[in-house]
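Here are the chains, one letter per residue:
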Amino acid sequence: MKQASLIIDVPFFDVDAMHVVWHGHYIKYIEMARSELLRTFNYDYPDMEANGHLWPIVDLRLKYVASATYGQHIRVTATLAEWEHRLKMNYEIRCVESNELLTKATSVQVAVCKKTREMLFESPDIVFEKLGVERS
């Protein structure tokens, strides 16, 4: 299973008046981890588009467990869970020091032909090639 992590030092401009991360910034953090994960198999967004596909997010779910705070070091981990018909990724955001779970999330992306804007009902062959797996 493909996985990637990154560590973020929560910046002041991401927190609210209570010094906790504003809820919308967690989406930015998981997007950063998703791009890091896609780069592990050379299929980041520019590669997707160069191969004639767009991959819009069609479902995004977050579960806020505890708050991240200003100056806290957080680890954002993205794991590729599905790729045959869509790209489904699971995420965890944890405090680096305590390993406390702060947020869990999932995202789902589907392939869309760049020329026709038609949604594909299976991942294009390039995904399997990049992952080094055979289509089942």
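Below or above, wherever it landed, is the structure these notes cover. (Residues numbered from 1 in each chain as written. Predicted model: local features only at pLDDT ≥ 70, side-chain atom pairs only at ≥ 80, totals over all residues. Heavy atoms only, no water.)

1. Quick look at the pattern of salt bridges
Put simply, the test is: Throughout this description, the term salt bridge denotes a Lys or Arg side-chain nitrogen within 4 Å of a carboxyl oxygen of Asp or Glu. Throughout, exposure labels follow a simple rule: accessible area from a 1.4 Å probe, protein chains only, divided by the maximum for the residue type, with under 20% read as buried, over 50% as exposed, and the rest as partly exposed. Runs of H or I in DSSP of at least four residues are treated as helices and runs of E of at least two as strands, each being numbered from the N terminus.
Here the structure, examined in full by the defined rule, presents 10 salt bridges. Between Glu92 and Arg94 there is a salt bridge; the shortest N-O distance is 2.9 Å. Among the residues examined, Arg94 registers a relative accessible area of 23% and is labelled partly exposed. Across the pair Arg135 and Glu122 runs a salt bridge whose closest N-O atoms are separated by 3.8 Å. Taken together, the residues span a long stretch of sequence, with Arg135 in the segment after α3 (125-131) and Glu122 in the loop between β7 (112-113) and α3 at a distance of 13 residues. Its relative accessible area of 33% is what places Arg135 among the partly exposed residues. Judged by its relative accessible area of 41%, Glu122 is partly exposed. Because the salt bridges share partners, they merge into one network encompassing Glu36, Arg39 and Asp44.

2. Some details on unusual backbone geometry
Although it is not a glycine, His19 adopts a positive phi angle of roughly 65 degrees. Within the element layout of this structure, His19 appears in the loop between β1 (3-9) and α1 (25-40). The exposure class of His19 is partly exposed, given its relative accessible area of 41%. Although it is not a glycine, Asn99 adopts a positive phi angle of roughly 65 degrees. Within the secondary structure layout, Asn99 lies in the loop between β5 (87-95) and β6 (101-109). When its relative accessible area of 43% is taken as the criterion, Asn99 is described as partly exposed.

3. Structural notes on the pairing of strand β4 (residues 73-82)
On a regular strand, one side chain projects to one face of the sheet and the next to the other, so that they alternate. Here is the rule: At least two DSSP bridges between two strands are needed for those strands to be called paired.
Sheet analysis places β1 next to β4, joined by 7 bridges and oriented antiparallel. Residue Leu6 lies in a different strand from β4, and its bridge partner there is Val76. Between β4 and β5, which follow one another and run antiparallel, lie 4 residues.

4. Digging into a nonpolar patch on the surface
Formally: Only residues whose relative accessible area exceeds 30% and that take part in no salt bridge are eligible for patches, with like-charged residues grouped when within 9 Å of each other and nonpolar side chains (Val, Leu, Ile, Met, Phe, Trp, Tyr) grouped when within 5 Å. Per-residue and other accessible areas were derived by the Shrake-Rupley procedure at a 1.4 Å probe size, with only the shown protein chains allowed to occlude residues.
Taken together, the side chains of Ile27, Ile57 and Leu60 define a hydrophobic patch exposed on the protein surface, amounting to about 210 Å² of accessible area. Relative to the helices and strands, Ile27 is located in helix α1. Judged by its relative accessible area of 36%, Ile27 falls in the partly exposed class.

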